Amino acid sequence: WARSSRTMAVATVNLRALTSWVGIARLFAVVLSCLAFSLVASTGHFGGPYGTWCMFTWCFCFAVTLLVLLLELLELSPLLPLSWDDFTSAFSMLAALMVFTSSVVFPATFISSPCSSNRCARQAVATTASCLCFLAYAVEVSLTRAKPGDISSFLSTVPGLLKVFEAYLACLIFSLLDEYNGKPGLMWCVAVYSICFIITLLIIIFTIGRCLTYIPCPLEKMLVGYNFLALLMYLTATILWPLYSFKGRSRPDPCGTICWWNKHLGVTFLTIFNLIAYLVDLVYCTRMVFVRAP
């Protein structure tokens, strides 16, 4: 009797996982990501690192979102040894960032003007599907974001979502790093990117794995200290990276997409964006610690 009861509990179907607004947004994301990679695959024209990245993004987001839907539909998510709300919040934010990047990179790399061939039409439709998929994930992020004062799920709060954003920007920076060996200023910047990325990633992993209770100090105060330190480190990188990258070096002519100048310029802007992200993160974490809602 006990065994049959457990079987019935496991076999329970939660239709709200599909009919709620969050579930509908996830269904749209599954369909649109599937449409995007299917159309691009049908063209056979997605070679190179940028095309591979876009295809990986759409396939990865499709597979994980479908898995999330199935686990919630069958009510199996509570059986997993992780914080499910933190995991889904972090993934939806990561998926939104990845799909947004692919929606920009793919048409810029593979769609040429004028667009008149059948292959180009399929690529354009795939790009449109990718943009709509980004909107679906953005809606999911907004629907699952924690209300002010609610910190039960850290990665669904603004500081938690910013942690995913900061880690993702660091990954983009790593993909663009080029010609920095032998220059102390640039090597320091790479150290800044690496240290901040590792610590931010550990915070995300510990949160999802419910390991924050093992930290000997309060999470909010630790985040304030870390964000302040990361802000100072990124401030030095914001100054040193363009100084050591472009001083006494003119832009090559011609300079294609893989030109060192374009890569270093991309790292410069991404460093500034992450500096702003850590500043906003510090402000929010400071408010969480020192400004208590009545």
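Here the structure is a predicted model, which means the values were calculated and not measured. (Residues numbered from 1 in each chain as written. Predicted model: local features only at pLDDT ≥ 70, side-chain atom pairs only at ≥ 80, totals over all residues. Heavy atoms only, no water.)

**A short note on the overall build of the protein chain**
Then, in step 1: Broken down by element type, the protein chain carries 10 helices and 0 strands.
Then, in step 2: Walking the protein chain from its N terminus toward its C terminus, one meets helices and strands in the order α-α-α-α-α-α-α-α-α-α.
Then, in step 3: Overall, the protein chain is about 80 × 55 × 35 Å in size when its C-alpha atoms are taken along their principal axes.
Then, in step 4: Looking at the protein chain as a whole, 43% of its 294 residues qualify as buried.
Then, in step 5: Taking all contacts inside the protein chain whose residues are at least 6 apart in sequence as the whole, residues at least 24 apart take part in 77%. (Helix = DSSP H or I, 4+ residues; strand = E, 2+ residues; numbered from the N terminus. Buried < 20%, exposed > 50% of the residue type's maximum accessible area, 1.4 Å probe, protein only. Contact = heavy atoms within 4.5 Å.)

**Notes on the UniProt feature "transmembrane region" (unreviewed entry) in the protein chain**
Then, in step 1: According to UniProt, the "transmembrane region" (unreviewed entry) feature falls on residues 20–41, 53–71, 91–112, 124–143, 185–212, 224–244 and 264–284.
Then, in step 2: Secondary structure within residues 124–143 divides into 100% helix and 0% strand; the distance between the first and last C-alpha atoms comes to 29 Å.
Then, in step 3: Overall, residues 185–212 shows 86% helix and 0% strand. The separation of its end C-alpha atoms is 35 Å. (UniProt positions renumbered as here; feature names shortened; annotations may be inferred.)

**Here's the deal with the domain arrangement of the protein chain**
Then, in step 1: According to the domain assignment, the protein chain consists of domain 1 (12–150) and domain 2 (151–293).
Then, in step 2: When each unit is reduced to the centre of its C-alpha atoms, the spacing between domain 1 and domain 2 is 24 Å.
Then, in step 3: The interface is formed by 20 residues belonging to domain 1 together with 16 residues belonging to domain 2.
Then, in step 4: Counting the surface lost from both domain 1 and domain 2, the interface buries some 1,700 Å², and carbon and sulfur atoms represent 64% of this.
Then, in step 5: Run the count over domain 1 and domain 2 and you get 0 salt bridges. (Domains from an automatic or database assignment. Buried area = accessible area lost by both parts, 1.4 Å probe. Salt bridge = Lys/Arg side-chain N within 4 Å of Asp/Glu carboxyl O.)

**Here's the deal with the packing of aromatic side chains**
Then, in step 1: Here the structure, examined in full by the defined rule, presents 14 aromatic pairs.
Then, in step 2: Here the aromatic rings of tyrosine 193 and tyrosine 234 are separated by 5.7 Å at their centres, their planes lie at 50 degrees, and the arrangement is tilted. One end of the pair, tyrosine 193, is in helix H8 (residues 184–208); the other, tyrosine 234, is in helix H9 (residues 219–246), and 41 residues separate them in sequence.
Then, in step 3: Since its relative accessible area comes to 0%, tyrosine 193 is described here as buried.
Then, in step 4: Between tyrosine 234 and tyrosine 278, the aromatic rings sit 5.3 Å apart at their centres with planes inclined by 35 degrees, giving tilted as the arrangement. Residue tyrosine 234 is found in helix H9, and its partner tyrosine 278 is found in helix H10 (residues 260–290); the two are separated by 44 residues along the sequence. (Phe/Tyr/Trp six-rings, centres within 6.5 Å; stacked < 30°, edge-to-face > 60°.)

**Some details on the side chain of threonine 200**
Then, in step 1: Looking at the secondary structure, you find threonine 200 in helix H8.
Then, in step 2: Those residues in contact with threonine 200, other than ones at most four positions away along the chain, are Lys163, Glu166, Ala167, Tyr226 and Tyr278.

**Points about unusual backbone geometry**
Working note: non-glycine residues mostly have negative phi, and peptide bonds are mostly trans.
Then, in step 1: The phi dihedral of glutamate 75 falls on the positive side, at around 55 degrees, and the residue is not glycine.
Then, in step 2: Mapped onto the elements, glutamate 75 comes out in the loop between helix H4 (48–73) and helix H5 (84–110).
Then, in step 3: The partly exposed category is assigned to glutamate 75, whose relative accessible area is 36%.

**Section: the pattern of salt bridges**
Then, in step 1: Taken as a whole, this structure holds 4 salt bridges when the rule is applied.
Then, in step 2: Across the pair glutamate 72 and arginine 26 runs a salt bridge, and its minimum N-O distance is 2.9 Å. Taken together, the positions of glutamate 72 in helix H4 and arginine 26 in helix H3 (residues 21–43) put the pair 46 residues apart, joining distant regions of the chain.
Then, in step 3: By relative accessible area, which is 19% here, glutamate 72 ends up buried.
Then, in step 4: Residue classification places arginine 26 among the buried residues on the basis of a relative accessible area of 3%.
Then, in step 5: Each of the salt bridges in this network shares a partner with another, and the network as a whole consists of Arg26, Glu72 and Glu140.

**Digging into the packing of H3 against H4**
Axis angle and axis distance: for two packed helices, these are the angle between their axes and the distance between the axes, and together they describe the pair.
Then, in step 1: Remark: H3 packs on H4, axes separated minimally by 9 Å, with the N-to-C direction vectors making an angle of 150 degrees. Helix-helix and strand crossings are classified by hand; for H3 and H4 the assignment is left-handed. Only Met55, Trp58, Cys59, Phe62, Thr65, Leu66, Val68, Leu69 and Glu72 of H4 make contact with H3, whose side of the interface consists of Gly23, Arg26, Leu27, Ala29, Val30, Ser33, Cys34, Ala36, Phe37, Val40 and Ala41.
Then, in step 2: Taken together, the residues that form the contact of H3 with H4 break down as 15 nonpolar, 3 polar and 2 charged. (Axes fitted to C-alpha atoms, helices over the stretch in contact; angles between N-to-C directions. Left-handed = near helix turned anticlockwise from the far one by under 90°. Nonpolar A, V, L, I, M, F, W, Y, C, P; charged D, E, K, R; others polar.)

**Observations regarding the nonpolar core**
Then, in step 1: In this structure, Ile173, Leu177, Tyr193, Cys196, Tyr234, Trp241 and Tyr278 are the most contacted members of the largest nonpolar core, which totals 41 residues.
Then, in step 2: Inspection of this core shows a minimum of three residues originating in each of domain 1 (12–150) and domain 2 (151–293).
Then, in step 3: Met55, Val64, Val99 and Ala129 belong to the second largest nonpolar core, which has 26 residues in total. (Core = buried A, V, L, I, M, F, W, Y, C linked by side-chain atoms within 4.5 Å.)

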